[in-house]
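What the coordinates show
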Amino acid sequence: MANKISNKSDLDNLASKAFLEIHDRAIAGKWLALKEHQSDHPSRQIDVDVKRYEELIRFLADKLREDTRMVANRTVQTRDLLEERNIHESLFSLLDGMADVASTGVVGSYGSYCQWYLNLRQGQIDHTAAIAKMKSLKK
């Protein structure tokens, strides 16, 4: 299904989804790429991003024993909650940071990672400092 979503109508429909559903696992990378580029749909950039997102989603899902669509959903939810507080972070930056935390062996689910990150960012520290603080939680 991921490879079949390529025409503008399908892309618009996918981009308009608030969250992925259980049957949407295969399109998580494409959905995140579309969410990252909501205001414009530059297909070349989306195609480049899809592979990057899919690699990070798969790594996090495997490392944290999480469903790929839940990683994608929680990443968008985290970005949106940050934006409500006028904190802007890209989806890729969030995924990449969380992958860095997971690779150090910090115990937790992806949902708990996102909650820790939100709490730290609300404390007015930047992305780099929040990720460093999270990595320091390794036991």
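Read on for a plain summary of the structure. (Residues numbered from 1 in each chain as written. Predicted model: local features only at pLDDT ≥ 70, side-chain atom pairs only at ≥ 80, totals over all residues. Heavy atoms only, no water.)

1. Focus: the overall build of the protein chain
What the protein chain contains, in helices and strands, is 7 helices and 0 strands. Counting the 139 residues in the protein chain, one finds 42% classified as buried. In the protein chain, of all internal contacts separated by at least 6 residues, the share reaching a separation of at least 24 is 56%. Put simply, the protein chain shows about 7600 Å² of open surface, and 49% of that area lies on carbon and sulfur atoms. (Helix = DSSP H or I, 4+ residues; strand = E, 2+ residues; numbered from the N terminus. Buried < 20%, exposed > 50% of the residue type's maximum accessible area, 1.4 Å probe, protein only. Contact = heavy atoms within 4.5 Å. Areas by Shrake-Rupley, 256 points an atom, 1.4 Å probe, with all protein chains shown as cover.)

2. With respect to the packing of aromatic side chains
When we look at a pair of aromatic rings, we describe it by the centre distance and by the angle of the planes. The full count for this structure, using the stated rule, is 2 aromatic pairs. On the numbers, 6.2 Å between centres and 70 degrees between planes, the contact of Tyr 53 with Phe 92 is edge-to-face. Taken together, the residues span a long stretch of sequence, with Tyr 53 in helix α3 (residues 43-64) and Phe 92 in helix α5 (residues 91-103) at a distance of 39 residues. Lying across the ring of Phe 92, Arg 52 places its NZ or CZ 3.9 Å from the centre. (Phe/Tyr/Trp six-rings, centres within 6.5 Å; stacked < 30°, edge-to-face > 60°. Lys NZ or Arg CZ within 6 Å of the ring centre and 35° of its normal.)

3. Comments concerning unusual backbone geometry
With a phi close to 60 degrees, Asn 86 is a non-glycine residue in the positive phi region. With respect to the element layout, Asn 86 can be found in the loop between α4 (68-84) and α5. Of note, the phi angle at Gln 124 is positive, near 70 degrees, even though the residue is not glycine. Along the chain, Gln 124 falls in the loop between α6 (110-122) and α7 (127-135). We classify Gln 124 as exposed; its relative accessible area is 69%.

4. A short note on α4
For the α-helix, the turn length of 3.6 residues means that residues three or four positions removed from each other point alike. In this model α4 runs 25 Å from its N-terminal to its C-terminal C-alpha over 17 residues, within 8% of the 24 Å that 1.5 Å per residue would give. Considered for burial, the residues of α4 that qualify are Thr 68, Arg 69, Val 71, Ala 72, Asn 73, Thr 75, Val 76, Thr 78, Arg 79 and Leu 82. One side-chain oxygen at the N-terminal end of α4 lies 3.0 Å from the backbone nitrogen of Arg 69; it belongs to Asp 67. Of the residues flanking the end of α4, it is Asn 86, one or two places downstream, whose phi is positive at about 60 degrees. (Expected span 1.5 Å × (residues − 1). Polar contact = N/O pair within 3.5 Å; in protein donor to acceptor, adjacent residues only side chain to side chain.)

5. Observations concerning the packing of α4 against α5
Two numbers describe a pair of packed helices, the interaxial angle and the distance between the axes. Between α4 and α5, the shortest axis-to-axis distance is 10 Å and the interhelical angle comes to 120 degrees. Along this stretch, α4 crosses α5, giving a crossing that reads as right-handed. Within the contact between the two elements, α4 uses Val 71, Thr 75, Val 76, Thr 78, Arg 79 and Leu 82 and α5 uses Leu 91, Leu 94 and Leu 95. (Axes fitted to C-alpha atoms, helices over the stretch in contact; angles between N-to-C directions. Left-handed = near helix turned anticlockwise from the far one by under 90°.)

6. Quick word on the nonpolar core
Core analysis: the biggest nonpolar cluster contains 37 residues, and Leu 32, Leu 60 and Leu 95 have the highest contact counts within it. At the level of secondary structure, the elements contributing two or more residues to this core comprise α1 (8-15), α2 (28-36), α3, α4, α5, α6 and α7. Dropping the residues within four chain positions of it, Leu 95 is found in contact with Leu 32, Tyr 53, Leu 56, Ile 57, Leu 60, Val 71, Thr 75 and Tyr 110. (Core = buried A, V, L, I, M, F, W, Y, C linked by side-chain atoms within 4.5 Å.)

7. So, the side chain of Arg 121
By the element assignment, Arg 121 lies in helix α6. A relative accessible area of 8% means that Arg 121 is categorised as buried. There is a polar contact of 2.7 Å between the side chain of Arg 121 and the side chain of Tyr 117. Of note is the side chain of Arg 121, whose polar atom sits 2.9 Å from the backbone oxygen of Ile 125.

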